[in-house]
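# Coordinate inspection notes
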Amino acid sequence: AQSVTQLGSHVSVSEGALVLLRCNYSSSVPPYLFWYVQYPNQGLQLLLKYTTGATLVKGINGFEAEFKKSETSFHLTKPSAHMSDAAEYFCAVSEGTGGSYIPTFGRGTSLIVHP
Amino acid sequence: KAGVTQTPRYLIKTRGQQVTLSCSPISGHRSVSWYQQTPGQGLQFLFEYFSETQRNKGNFPGRFSGRQFSNSRSEMNVSTLELGDSALYLCASSSGTSGTTDTQYFGPGTRLTVL
């Protein structure tokens, strides 16, 4: 069964600093990997996803993530944090075959950005 | 295009009652997925519908059911409500045929409180 671990329920950075949110997964087959952001009282918004091909994935709002198969990781980074990046971030894995894919989410990481 | 809409946004029910939540996907999207978000269990996949057929189902009891209409609108029903069903229920739609591995667009959710 697949699982997703997000290290750190809260990450605090200063505005302008590097953002690094960690995600490790377990999957028996090559998975689809996703990062979502959720602002208060809103649904999720897709930041980026990995399916196949290039392991460095660029997303919206300056975020990117690198798929490292050997480390079973898909960490999310952004070079310079902005106040508007403060939100909850979720890593997700979708594994399956034959068109049947069940997504599994991490518990989320709350990003706090200090001025 | 209008985004994913969910009605109602807030709902209060008592134990033992049943509830129906509605989701209108983005125009042209044929895949609709439902998720439950709680502080205790996090984000969990409920089920996914495509062209009126349930394609994937998460690990939830039979009290949770859903359906999709010919216009792609979807409803989910929870019967015999329990206190633990209190949650934010999120709906997402996608334009592709791969459901949860496609880019999904989420609605704002329906906040269900069970007393």
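Bear in mind that the values here come from a model prediction, so they are computed numbers and not experimental data.

### Describing the nonpolar core
Judged by nonpolar contacts, the single largest core of 26 residues is most densely connected at Trp35, Leu48, Phe74, Leu76 and Tyr89 of chain A. Of all the secondary-structure elements, those providing two or more residues to this core are strand E2 (10-14), strand E3 (19-26), strand E4 (32-38), strand E5 (44-50), strand E7 (64-68), strand E8 (73-78), strand E9 (87-97) and strand E11 (109-114) of chain A.

### Details of the packing of aromatic side chains
Tallied over the full model, the rule gives 12 aromatic pairs over all chains. Relative to phenylalanine 64 of chain B, the ring of phenylalanine 60 of chain B has its centre 5.2 Å away and its plane inclined at 65°; by these criteria the two rings are edge-to-face. Taken individually, phenylalanine 60 of chain B and phenylalanine 64 of chain B each receive the classification buried, so the pair is uniform in this respect. By way of ring pairs, the aromatic residues Phe34, Tyr36 and Phe105 of chain A together with Tyr35, Phe45 and Phe106 of chain B are connected into one cluster.

### What about the state of the cysteines?
One pass over the structure, following the stated rule, counts 2 disulfides over all chains. Each disulfide pairs two cysteine sulfurs, and for cysteine 23 of chain A the partner residue is cysteine 91 of chain A, the sulfurs being separated by 1.9 Å. In this structure, the disulfide formed by cysteine 23 of chain A and cysteine 91 of chain A twists by about -65° around the S-S bond and is classed as left-handed. Pair noted here: cysteine 23 of chain A is in strand E3 and cysteine 91 of chain A is in strand E9, with a separation of 68 residues, a long-range link. Here cysteine 23 of chain B engages in a disulfide with cysteine 91 of chain B; their sulfurs sit 1.7 Å apart.

### Describing the sheet that holds strand E1 (residues 5-7) of chain B
All names here are of chain B. The strand order across the open sheet formed by 4 strands is E1-E3-E8-E7, and the pairing between neighbours is antiparallel. For this open sheet the edge positions go to E1 and strand E7 (64-68), each flanked by a neighbour on one side alone. With strand direction ignored, the average angle separating the axes of adjacent strands in the sheet is 20°.

The rules behind each value
- Residues numbered from 1 in each chain as written.
- Chains lettered and ligands numbered in written order.
- Predicted model: local features only at pLDDT ≥ 70, side-chain atom pairs only at ≥ 80, totals over all residues.
- Heavy atoms only, no water.
- Core = buried A, V, L, I, M, F, W, Y, C linked by side-chain atoms within 4.5 Å.
- Buried < 20%, exposed > 50% of the residue type's maximum accessible area, 1.4 Å probe, protein only.
- Helix = DSSP H or I, 4+ residues; strand = E, 2+ residues; numbered from the N terminus.
- Phe/Tyr/Trp six-rings, centres within 6.5 Å; stacked < 30°, edge-to-face > 60°.
- Disulfide = S-S within 2.5 Å.
- Pairing = 2+ DSSP bridges.
- Axes fitted to C-alpha atoms, helices over the stretch in contact; angles between N-to-C directions.

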